[in-house]
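Working through the structure, step by step
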Amino acid sequence: MPQNKIYKTVRQYNKKPLQTEDMCKLQEIARDYAYVKNCTYQRYSGVGGLLKIYPGYTVQNEMTKSGIREQVKLPSVYFYCAVFEALGDIKTQWTNTKSSVLSAIHKNNGFTPEEKHYLRFVIKTSGCFDHVLNGKKIAIPEKMEETYDHIMAALGGSSSIEKLNKYLCRQVRKKLQRLQTDKADGFSLTERAYRYGTCGKEQGIFLSTKESRKRMFISLTDNNAYDRQLYIRLKPEKCGIEIAVPIEQKIRSHKDYTNETGVSLGMWHMITTDTGNIYGECFGQIQQELVEYVKASDQTYRKEKKNNAGRKKYKAHKAKLDARLETYVNQEINRMIAEEKPEAVYLPKFPRNNTKGYDKKVNYSVNVWKKGFVKDRIKQKCLENSIKYIEVTGKAISTECSRCGTQGKYQKDIFICKSCGYEDDKKTNAAKNAINRGRLEQQYTPVVH
Ligand SMILES: [Zn+2]
C-alpha cells in the first residue's frame, strides 16, 4: 500500500433476486475457489513453502503445472485470484509467526544479549530464516556479511549456533498455524472476469462463469462501474450478492488544522465538542422517523405476513431513510472537521455495558441504527484528513468534573460539580474530559499504518 493512500470499501448490491440456477453456479465457483485456496495452503503454508513464496512466481508456476485448475475446471481468472489470495494469507501468517517468535525471544531471560542479537538477525535477514528452518546452510546477503561476522565472533563457536537454530525451529513449529478455510461464501475477481454494462434496460455486471464464453448478468442497485479487483460475497439466503470494491483515497493534509477537539457523541445531538459546538442537531429527529417507520411497519407485517408487495415497498422506503441518515451523518462530520480544524480528535470509547441507563425507546433506535456507524465515519474522515483519532477510556466520563476531576452529577442536560461549583452542558463537559483523558493516556492510533 502506498504511503499516502488509504482505502475504503464501497458496496454494491443486486437489484433483483438471483435465480436459483445462477446462485448455484456462483456457489460452485465459490466452492472451487476455496478448494484452490486450500490446495495452495497445503502446499506452501508449511516451513518448506518458505523457500518458494517470495516473491511468489514459483508458487504461480507450480500451481499452473499442478493440474488442479483443469481438475476443477475453474476459469483461470478465478484460479489465480484464489492462488494469490492464499499466498497473501500465507505471507501474513509468516509475518505474525515471526513477530510472535521475536517477542518470545525478547521475553526469554535465558539468552545473553549476543544470542538474542543472533536470533533477531536470522529472523530478519532473508536467506537466513528460511534456510535455518529448512536445515540448509545459511546464505548471507553480501552486504550483511560484515554484520554476520561480528555477531559470530561475539557468540564464539558453532555449537551455540546450533543450539539457537534448534530453538528457532521449535518456536516456529509451536507458533505456526495450519491454514485452512471451510468458508465458501465468496470469491475475488479481477477486471478480466467481469464487465459492467446494461442488459435490456437494467444496469448491472456481467460475470465470467465456468461455462466458457458465457457470462452471467446481475442487475445492480446503482449505476457505478469500477475497474479493479472486486470481492463478491454470496447471500444465498437472500438470493443476493454483495460486491465489495476497495476505493483508493488520497489523504489530504491541512497545515492550518492545529486544534485539539474533544467530542461527545449523543443519540439526539450527534456530536458535541468541548467548546459546546453541536453538529448533527437533527440526528435524533431523523433517526426517530426511521425508528417509527420501522416500528409501524413491523406491526403491519405481523398482521398481514403474506403481503409481499407491502414488504417490498417497505424495504425500498427503509433503504431511502437509511441513505438519508447516512448522508446527513457524513455531511455533519465534514462540517465539524472544516469548522473545528482539528489536528487531533478525542472521543470516549463506548462503555462495555452501554444499554444500562438508556430508556427503552432510545434502546430500540440503537438497534435500528448501528451505533458504531457514526464513530466509524469519524475515524475514516480523520484518516482522510491526516487528523489524529484518539479514543479514550469512556468509564464515568459524563459524571467526572472536567475542571477539578472529582465525580459529580448531572441533572437532565446540566452537569454540576459540588466540589468546585463548575456547571456546564453535560455533553460539553464529557467532551472536555475526552481531551483531558486523551492527553493523560496518550492512547493515540497512528494516522497511517
Ligand atoms: Zn469540579
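Let us look at the structure shown here. All chains use their own residue numbering, which begins from 1 and follows the written sequence. The model is predicted, so local features are restricted to residues of pLDDT at least 70 and side-chain atom pairs to those at 80 or more, both for listing and for counting; the totals for chains, interfaces and linings are taken over all residues. The basis for every side-chain value is the complete set of heavy atoms in the structure, and neither hydrogens nor water enter the calculation.

Now for the overall build of the chain. Only runs of H or I of at least four residues qualify as helices and only runs of E of at least two qualify as strands under DSSP, and these elements are numbered from the N terminus. Each helix and strand counted, the chain has 13 helices and 16 strands in total. The C-alpha atoms of the chain give a radius of gyration of 28 Å, which is well past the 22 Å a tight globule of 449 residues would have. Remark: exposure states derive from per-residue accessible area (1.4 Å probe, protein chains only) relative to the maximum for the residue type, with buried under 20%, exposed over 50%, and partly exposed in between. The burial tally for the chain puts 43% of its 449 residues in the buried class. Here, residues are in contact when the closest pair of their heavy atoms is within 4.5 Å. Intrachain contacts of the chain at a sequence separation of at least 6 include 68% that bridge at least 24 residues. Accessible surface, the chain: about 26,100 Å² in total, of which carbon and sulfur atoms supply 49%. We treat Lys and Arg as the positive residues and Asp and Glu as the negative residues; His and chain ends play no part in the count. One atom stands in for each charge, and that atom is NZ of Lys, CZ of Arg, CG of Asp or CD of Glu. Considering the chain, the positive charge centre built from 80 side chains and the negative charge centre built from 50 side chains are found 4 Å apart. Based on C-alpha atoms, the radius of gyration is set beside the globule rule, defined as 2.2 Å times the residue count to the power 0.38. What sets the accessible areas is the Shrake-Rupley method with a 1.4 Å probe; for residues, cover comes only from the shown protein chains.

Another aspect to go through is the coordination of the zinc ion. Distances decide who is a donor: an N, O or S atom must be within 2.8 Å of the metal, or within 3.2 Å for Na, K and Ca. Water is not included, so sites may look incomplete. In the first shell of the zinc ion, the protein supplies C401 (SG), C404 (SG), C417 (SG) and C420 (SG), at 2.3 Å from the metal. Geometry at the zinc ion is tetrahedral, judged from the four donor atoms that bind it and their angles of 106 to 111 degrees at the metal. Spacing between the donor residues of the zinc ion along their common chain follows C-x2-C-x12-C-x2-C. Placement of C404 in the loop between β12 (388-392) and β13 (409-411) and of C420 in the loop between β14 (414-416) and β15 (423-425) is noted, with a sequence separation of 16 residues between them. By relative accessible area, C420 is classed as partly exposed at 30%. By the criteria applied here, four donors are tetrahedral when all angles lie between 85 and 135 degrees, four are square planar and six octahedral when opposite donors are over 155 degrees apart and every other angle lies between 65 and 115, and any other arrangement is irregular.

Next up on the list: the packing of helix α5 (residues 113-124) against helix α8 (residues 158-175). Axis definition: a line fitted to C-alpha atoms, limited for helices to the stretch in contact. Angles are taken between N-to-C directions and run from 0 to 180 degrees. Where α5 meets α8, the closest approach of the two axes is 11 Å, and the angle between their N-to-C directions is 55 degrees. Taken together, α5 and α8 sit at an angle that is classed as oblique. Note that α5 runs across α8; the crossing there is right-handed. The segment α5 lies against α8, with E115, Y118, L119, V122 and I123 engaging I161, K163, L164, N165, Y167 and L168. Residue polarity is assigned by list, with Asp, Glu, Lys and Arg as charged and Ala, Val, Leu, Ile, Met, Phe, Trp, Tyr, Cys and Pro as nonpolar; anything else, Gly included, falls into the polar class. Grouping the amino acids of the contact of α5 with α8 by side-chain chemistry returns eight nonpolar, one polar and two charged. These descriptions rest on fixed angle ranges, namely under 35 degrees for roughly parallel, over 145 for roughly antiparallel, 65 to 115 for roughly perpendicular, and the rest for oblique. Crossings are sorted by hand: turned counterclockwise from the far helix by less than a right angle, the near helix makes the crossing left-handed, and turned clockwise it makes it right-handed.

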